[in-house]
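Listed below are the residues making up each chain.
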Amino acid sequence: MSRGTDRRRPRASHALAVLASLAVLSAVRGSAVATLIGLAGAGAVVAGLVRRSESSVVFGGAALFAATVLAATGPASAESVLLGGFGAVIAADLGTFGLGIDRDADPAVATTRVELLHAVGSGVVAILTAGVGYALFETVPSGGSLGVVALLLGGVVLAWLLRE
Amino acid sequence: MTEPATVGAGLDRGEGRLERTGRWDGIHGLALAATVVAILVGKPVAILAGLAGVGFAAYSRFAEAPEPELAVERHVSDTDPAPGETVRVTLTVENESGATLPDLRFADDVPAGLEVVDGTARHTTALRPGKRASIAYEFAAVRGRHEFDSLTVVTRDVSGASRRVARRTTDRSTVVCRPAYEDSSVPLGDLATRLTGSQPVSATGEGLAFHSLREYRAGDPLGSVDWNRFAKDGELATRRFDQPRTVKVVLLVDARAAAYVTAGDGRPAVDACAHAAGALVGGLAEADCHVGLAALSPRECWLPPASGRSHRERLLDALTTHDAFGWRPPAATRGDTNDADGFGRLLTQIPGDAQVVVCSPVVDDRPVEAARALDARGHDVTVASPDATADDSAYRRLAATERRVRLDECRRAGIAVVEWTDGGRRPGPSAGATAGAETRVATDGGDARWR
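Cut-offs used in this document
- Every chain is numbered on its own, with residues counted from 1 as its sequence reads.
- Each chain gets a letter, beginning with A, and each ligand a number, beginning with 1, in the order they are written.
- Predicted model: local features are reported for residues with pLDDT of at least 70 only, side-chain atom pairs are reported and counted for 80 or more only, and whole-chain, interface and lining totals are derived from all residues.
- The basis for every side-chain value is the complete set of heavy atoms in the structure, and neither hydrogens nor water enter the calculation.
- Elements are defined by DSSP. Helices are runs of H or I of four residues or more, strands are runs of E of two residues or more, and each kind is numbered from the N terminus.
- Buried, partly exposed and exposed residues are distinguished by accessible area as a fraction of the type maximum, computed with a 1.4 Å probe on protein chains only: under 20%, between the cut-offs, and over 50%, respectively.
- Working rule for contacts: check all heavy atoms of both residues, and any pair within 4.5 Å makes them a contact.
- The accessible surface values rely on the Shrake-Rupley method and a 1.4 Å probe; as for residues, cover is taken only from the protein chains in view.
- Only strands that DSSP links by at least two bridges are regarded as paired with each other.
- Whenever a helix is involved, its axis is fitted only over the stretch in contact; in every case the axis is a line through C-alpha atoms, and angles between N-to-C directions fall within 0 to 180 degrees.
- N or O atoms within 3.5 Å of each other form a polar contact, as long as, within protein, one can give a hydrogen and the other can take it, and as long as residues adjacent in sequence are counted only when both atoms are side-chain atoms.
- Buried area adds together the accessible area that both of two parts lose upon being put together, with accessible area traced by a 1.4 Å probe.
- Take a side-chain nitrogen of Lys or Arg and a carboxyl oxygen of Asp or Glu: if they are within 4 Å of each other, that pair is a salt bridge.
- Each residue receives one of three labels: charged for Asp, Glu, Lys and Arg, nonpolar for Ala, Val, Leu, Ile, Met, Phe, Trp, Tyr, Cys and Pro, and polar for the others, Gly being one of them.

Q: Summarise the overall build of chain A; cite the residues concerned and give the values.
A: A tally of helices and strands in chain A yields six helices and zero strands. Mapped from its N terminus to its C terminus, chain A presents α and β elements in the order α-α-α-α-α-α. Every one of the 164 residues in chain A was classed for burial, and the buried ones make up 48%. A separation of at least 24 residues holds for 72% of the contacts in chain A among residues at least 6 apart in sequence. Total accessible area on chain A stands at roughly 7,600 Å², and carbon and sulfur atoms take up 71% of it.

In structure tokens:
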């Protein structure tokens, strides 16, 4: 029977979302407050996956991101910040994608290929963006004026993206 | 990152649209928030977290959901099943786009009324060029002509930011399920045609059964004189005999949208009415009545009373396959609302010497109004009413009470009422089931299915 059942199929997206959440937790472990917020975020992601609540997953991702930014105001390294920031987005992305698959596909249908394709796409974007950002951050000598330039550059890119 | 409620609703066959899913809405805010924090606390490293917002915002604008070129094959195992038989449908989709479809979701548009009992009518996959994906499902056959002729397809770009929704026309596969209607009848009135027939009515003439005596009138045939009475009393009297006549009966089936109510098993009351009318066709035809068929519905159906085997088959075929008695309720009518259910037209079509049997669940006052209007015009009217009510909630108990009140109103008006005990209940595992009806497989292709 395809109706009236509540069967669920463990999906790759669910596991990858949890992994991304754990990666964020490892990235923010240097700050106790950020770790607490991160734990709450990871818990929200897991709870959202269990209860099929997209809003909970999105909230968890936002909390993970907030934990990362909070950790960045402390002694966190650039690598940790990048891992935390992108991990938080990927956790929410894959979590909501998996829930969408749950909703649209019958539990009997194997959807690993679609999920992995989506995960690879998001992963590639994360690696490329983080790589470029990290390279810029590391190659530019530290200094007040250069920091401002970097911020301005970010603002320009943001304004361009927000134009629509 | 959440998406709007539903897509695909309201698309006609051959239509499609490209739309944003909205799953990346707000991603820019992450970059903005990180930048603001970095400026406020003077920590340039914090801006690196915002890069995620920048990168994924660009990613969401990078690609557009692909336009799929699909070859669709559908195979139906049985095109003429009996009610309750399971029919297997196999649907194969081949990607002829020349490019990989990273996220392809499709669902066969299962016709209204059919319930998938095994397998699934939808699929989600990634499909490389030239590759195929198949689904197979089984449904339980029910009365009607069911056309499989479309497919709902949703493609997304790899980021999921946009999707293309389309209802694609496919080769048509038709399944016709003809129930075996039981023969049944209802008590009829005295209204008859002037044609000699076999129905005993109040008319007198040259029959065999004795009716009454009356005073002899000049010209009465000597064979009809009651000589025994003459020998006893010395008075001439003429014997009168019943004269069977031909009776015309029009079966008026309530097929308005209001009659598509269900009692929780997913079976609309119209189906019960169609089965009742089908049983009456057989029963009345066996009694040599001339039987006609009409639908109280915006979808016109009118077969004038006639007799004969071919006419009987035409009536049963109409009850099985005519759109007026289909599983999808009629759309709301626009413009002329004075005759929204076609009753005004029917008044001009129903012969004056025809009796009318109204097959209706009587879920509102309209069938009562129609029956009383027909009665006022001189037709003998009978209401045959399948009970579509239930008693599992206060609201439904109220509806059942209202129905009984309406039927009593008919009786008070002198209209015969027959509480129709149903045949033709939906076969298969859902018969009598009430749970799970709200999760029935969508039967209108594209409606409220994909998100």
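Q: Let's hear about the sheet that holds strand β7 (residues 132-140) of chain B: which residues, and what values?
A: Residues and elements named next belong to chain B. A sheet is described by the order of its strands in space; here four strands give the open sequence β2-β3-β7-β5, paired in antiparallel fashion. Both outer strands of the open sheet, β2 (70-76) and β5 (115-119), are each paired with one neighbouring strand and no more. The mean inter-strand angle of the sheet, taken between neighbouring strand axes irrespective of direction, is 30°. Direction of pairing for strand β3 (residues 86-95) relative to β7: antiparallel, over a ladder of nine bridges. The residue bridging Thr 92 from the neighbouring strand is Ser 134, located in β7.

Q: Which residues make up the environment of Arg 23 of chain B, and what values do they have?
A: Along the polypeptide, Arg 23 of chain B turns up in the loop between β1 (16-20) and α1 (27-41). Through-space distance from the C-alpha of Arg 23 of chain B to that of Val 36 of chain B is 24 Å; in sequence the pair is 13 residues apart. At a separation of 2.6 Å, a polar atom in the side chain of Arg 23 of chain B contacts the side chain of Asp 93 of chain A.

Q: Kindly report on the environment of Thr 321 of chain B, identifying the contributing residues and their values.
A: Residues and elements named next belong to chain B. On the secondary structure map, Thr 321 appears in helix α5 (residues 309-321). Residues Thr 321 and Cys 177, spaced 144 residues apart in sequence, show a C-alpha to C-alpha distance of 8.6 Å. Sequence-distant contacts of Thr 321, that is, excluding residues within four places in its chain, are made with Arg 145, Val 176 and Arg 178.

Q: Could you give me a rundown of the interface of chain A and chain B, with the residues and numbers involved?
A: The partner chain B presents 59 residues to the 53 residues of chain A that form the contact. Of the roughly 4,600 Å² buried at the junction of chain A and chain B (both faces included), carbon and sulfur atoms supply 70%. Here chain A is connected to chain B by three salt bridges. The closest approach of N and O atoms between Arg 105 of chain B and Asp 104 of chain A, which form a salt bridge, is 2.8 Å. Across the chain A-chain B interface, the total number found is seven residue pairs in polar contact (both at pLDDT 80 or more). For the side of chain A that touches chain B, the secondary structure elements donating two or more residues are α3 (54-72), α4 (78-104), α5 (112-139) and α6 (144-161) of chain A. Counting residues per element, the side of chain A that touches chain B draws most heavily on α4 of chain A, which supplies 15 residues. Across the side of chain A that touches chain B, the residue classes break down as 29 nonpolar, 16 polar and eight charged.

Q: Could you give an account of the pattern of salt bridges, with specific residues and numbers?
A: As a working rule, side chains carrying opposite charge can pair if their charged atoms are close by. Considering all chains together, one arrives at 37 salt bridges over all chains under this definition. As a salt-bridge pair, Arg 403 of chain B and Asp 387 of chain B come within 3.7 Å of each other at their nearest N and O atoms. Pair noted here: Arg 403 of chain B is in helix α8 (residues 394-412) and Asp 387 of chain B is in the loop between β17 (381-386) and α8, with a separation of 16 residues, a long-range link. Judged by its relative accessible area of 3%, Arg 403 of chain B falls in the buried class. Look at the salt bridges and you will find they share partners, linking Asp 104 of chain A together with Asp 103, Arg 105 and Arg 156 of chain B into a network.

Q: Requested: an account of the sheet that holds β1 of chain B, with residues and values cited.
A: Overall, antiparallel pairing links the five strands, which are arranged β1-β9-β8-β4-β6 (chain B) in an open sheet. Strand pairing shows two members of the sheet lacking a second neighbour, β1 and β6 (122-127) of chain B, which therefore form its edges. Ignoring strand direction, the axes of neighbouring strands in this sheet form an average angle of 20°. Sheet topology places strand β4 (residues 101-108) of chain B next to strand β8 (residues 144-156) of chain B; six bridges connect them, and they run antiparallel. From the neighbouring strand, Arg 105 of chain B faces β8 of chain B, where its bridge partner is Val 154 of chain B. The strands touched by α4 of chain A are β4, β6 and β8 of chain B; relative to β4 of chain B, the strand with the most contacts, the crossing angle is about 25°.

Q: Go over the pairing of β8 of chain B, please, and point to the residues and values.
A: Residues and elements named next belong to chain B. Taking burial as the measure, the 13 residues of β8 include eleven buried ones, the bulk of the element. As judged from the twelve bridges shared by β8 and strand β9 (residues 162-177), these two strands associate in the antiparallel manner. Looking across to β9, one finds that Phe 148 is bridged to Ser 173.

Q: If you had to explain the pairing of β4 of chain B to someone new, which residues and values would you point to?
A: Residues and elements named next belong to chain B. Most of β4 sits out of view: eight of its eight residues are buried. Judged from the five bridges that link them, β4 and β6 form a sheet pairing that is antiparallel. Following the sheet pairing, Phe 106 is matched in β6 by His 123.

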